[in-house]
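Residues per chain are reported as follows:
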Amino acid sequence: MKSFDLTGRITRYQSGFFVVSTPEGVFTCVIRGRLKRRTFQGDILGIGDDVNITRLTADTGVIEDILPRKNALVRMDPTPRGDYQQILLANPDQLVAIFACANPEPHLRMLDRFLVVGEKQRVPSLIVVNKVDLENLEKVKEKFKIYPDLGYPVVYTSAKAGIGIEELKARLVNKISAFAGPSGVGKSSLLNAIQPGLGVAVNEISEATNKGKHTTVVRELFPLNEGGFVADLPGIRRLALWDTEPEELDGYFPELRDLVSECQFNDCTHRNEPGCAVVAAVDTGKVSQERYVSYLKLRYGDEAELEG
Ligand code: GDP
Ligand code: ZN
């Protein structure tokens, strides 16, 4: 017997209230008490989750159940009472990593870190390189040319000159996309170019959340007119490498994943052991030097770097 009225998707969270979009309209909901009985410290629900609700009034309701979540972008928030696991976005279809080709210079270590987060949380990544009006495009492409072969498509854009906007938009339609990138790369400008007002709306939410120390967390999925949603990922630095063991990391580099079984020692650290297939592949150029450096930094860099 059905114990709910409607199924919908959480599109906004603020101060304990969830906005659920359903085929019959939008309902502001609280969570049924029994769902809250959990042992771990963390969010029970996040934007992007699909839920069953019962109606209370024409525009309010109660969340009764959560539908299975295929994946989630999560972050650890250290609190005096222990780490709290925040769900930044549930059921993302892709992580969109935005950089500028110049002003500010792209930080490839940070890009590789995003990609590792995506691999770990089982979210495909798309790379956007903005501000291509500032540089020679062939030169820019040279810098990012290894990524498509690794499974990460790259879209070259200029929000200013209107380059690549349609291509990017086509990749967003009917998907839930999480945007991440350092500030100043043109994220808001790009979102505004894709859909007027979108960048402004996304910024308002991010600013509301990041202002001051005692913040009101607001998370929102913004609908695209053609279908699909975009969300901003704040605080990427603390995103999701917190529970990563150093030995897992090679599994999050697609070009290393299959090589490691060929290393002579099965506890190979891929630095200076004899018979290391990773080092051999770097020497022959099969694995890029840059990516190998990113791997080493993530694995052996100071602990802070691993934990974010
Ligand atoms: P955000 O911090 O990532 O949201 O970046 P903004 O959208 O606020 O843009 C930061 C600065 O870069 C602004 O001065 C924009 O005008 C500029 N900008 C954004 N996109 C482009 C672009 O494609 N080309 C150039 N040359 N400048 C851009
Ligand atoms: Zn090795």
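These numbers come from a predicted model, not from an experiment.

Rules of the game
Residues numbered from 1 in each chain as written. Chains lettered and ligands numbered in written order. Predicted model: local features only at pLDDT ≥ 70, side-chain atom pairs only at ≥ 80, totals over all residues. Heavy atoms only, no water. Helix = DSSP H or I, 4+ residues; strand = E, 2+ residues; numbered from the N terminus. Rg over C-alpha atoms; globule rule 2.2 N^0.38 Å. Contact = heavy atoms within 4.5 Å. Areas by Shrake-Rupley, 256 points an atom, 1.4 Å probe, with all protein chains shown as cover. Lys, Arg positive; Asp, Glu negative; His and termini not counted. Charge placed at Lys NZ, Arg CZ, Asp CG, Glu CD. Axes fitted to C-alpha atoms, helices over the stretch in contact; angles between N-to-C directions. Parallel < 35°, antiparallel > 145°, perpendicular 65-115°, else oblique. Left-handed = near helix turned anticlockwise from the far one by under 90°. Nonpolar A, V, L, I, M, F, W, Y, C, P; charged D, E, K, R; others polar. Near = heavy atom within 4 Å. Polar contact = N/O pair within 3.5 Å; in protein donor to acceptor, adjacent residues only side chain to side chain. Salt bridge = Lys/Arg side-chain N within 4 Å of Asp/Glu carboxyl O. Expected span 1.5 Å × (residues − 1). Buried < 20%, exposed > 50% of the residue type's maximum accessible area, 1.4 Å probe, protein only. Arc of directions from axis to C-beta. Pairing = 2+ DSSP bridges.

Asker: How would you summarise the overall build of the protein chain if you had to cite specific residues and measurements?
Answerer: A tally of helices and strands in the protein chain yields 10 helices and 14 strands. Over its C-alpha atoms the protein chain spans a radius of gyration of 21 Å, differing by no more than 12% from the 19 Å that the globule rule assigns to 308 residues. Taken along the three principal axes of its C-alpha coordinates, the protein chain extends 65 × 50 × 40 Å. Sequence-distant contacts in the protein chain: of pairs separated by 6 or more residues, those separated by 24 or more amount to 66%. Taken as a whole, the protein chain presents about 15100 Å² of accessible surface, with 50% of it coming from carbon and sulfur. For the protein chain, the distance from the average site of its 38 positive side-chain charges to the average site of its 42 negative ones is 5 Å.

Asker: Give me the packing of helix H1 (residues 108-120) against helix H9 (residues 289-300): which residues, what numbers.
Answerer: One way to put it is that H1 packs onto H9 with a least axis distance of 10 Å and a crossing angle of 70°. If you check the angle between H1 and H9, you find them roughly perpendicular. At the point where H1 passes H9, the crossing takes the right-handed sense. Here Leu108, Arg109, Asp112, Arg113, Leu115 and Val116 of H1 lie close against H9, whose contacting residues are Glu290, Arg291, Val293, Ser294, Lys297 and Leu298. For the contact of H1 with H9, a count of residues per class yields five nonpolar, one polar and six charged.

Asker: Give a description of the packing of helix H4 (residues 165-172) against helix H5 (residues 187-194) that names residues and reports values.
Answerer: Direction vectors running N to C along H4 and H5 enclose 80°, while the axes themselves pass 10 Å from each other. Taken together, H4 and H5 sit at an angle that is classed as roughly perpendicular. From H4, Ile165, Leu168, Lys169 and Leu172 reach across to H5, where they touch Leu190, Ala193 and Ile194. When the residues that make up the contact of H4 with H5 are grouped by side-chain class, the tally is six nonpolar, no polar and one charged.

Asker: Just give me the short version of the site of ligand 1, but keep the residues and values in it.
Answerer: As a matter of local geometry, ligand 1 sits amid 14 residues, with Asp133, Gly184, Lys187, Ser188 and Ser189 nearest to it. Asp133 is positioned such that a nitrogen or oxygen atom in its side chain is 2.7 Å from a nitrogen atom of ligand 1. Residue Lys160 places a main-chain N or O atom 3.2 Å away from an oxygen atom belonging to ligand 1. Counting residues per element, the shell around ligand 1 draws most heavily on H5, which supplies three residues. Class assignment of the residues belonging to the shell around ligand 1 gives a composition of three nonpolar, seven polar and four charged.

Asker: Tell me what's going on with the pattern of salt bridges, and back it up with residues and numbers.
Answerer: In the structure shown here, the tally under the stated rule is 17 salt bridges. The residue Arg69 makes a salt bridge to Asp49 at a minimum N-O spacing of 2.9 Å. Taken together, the residues Arg69 in the loop between strand S5 (60-66) and strand S6 (72-79) and Asp49 in the loop between strand S3 (25-31) and strand S4 (50-55) connect sequence positions 20 residues apart. Among the salt bridges present, the one from Lys169 reaches Glu226, with a minimum N-O distance of 3.3 Å. Residue Lys169 is found in helix H4, and its partner Glu226 is found in the loop between strand S13 (222-223) and strand S14 (229-232); the two are separated by 57 residues along the sequence. Each of Arg32, Arg34 and Glu64 takes part in salt bridges that share partners, so that together they form one network.

Asker: I'd love a proper account of H9, names of residues and values included.
Answerer: Since the α-helix advances by 3.6 residues per turn, residues separated by three or four positions end up pointing in the same direction. Here H9 spans 16 Å end to end across 12 residues, near enough to the 16 Å set by a 1.5 Å rise per residue. For H9, every residue scored as buried is listed here: Arg291, Tyr292, Ser294, Tyr295, Leu298 and Arg299. Looking straight down H9, one finds that the buried residues subtend no more than 155° of arc, so they occupy a single side.

Asker: Give me the pairing of strand S2 (residues 17-22): which residues, what numbers.
Answerer: The side chains of a regular strand alternate, first on one face of the sheet and then on the other. Pairing between strand S1 (residues 6-14) and S2: five bridges, direction antiparallel. Of the residues in S2, the one forming a bridge with Tyr13 is Phe18. Pairing of S2 with S3 involves five bridges; the strand directions are antiparallel. Within S3, the residue paired with Phe18 across the bridge is Cys29. Hairpin remark: S2 followed by S3, antiparallel, with two residues in the connecting loop.

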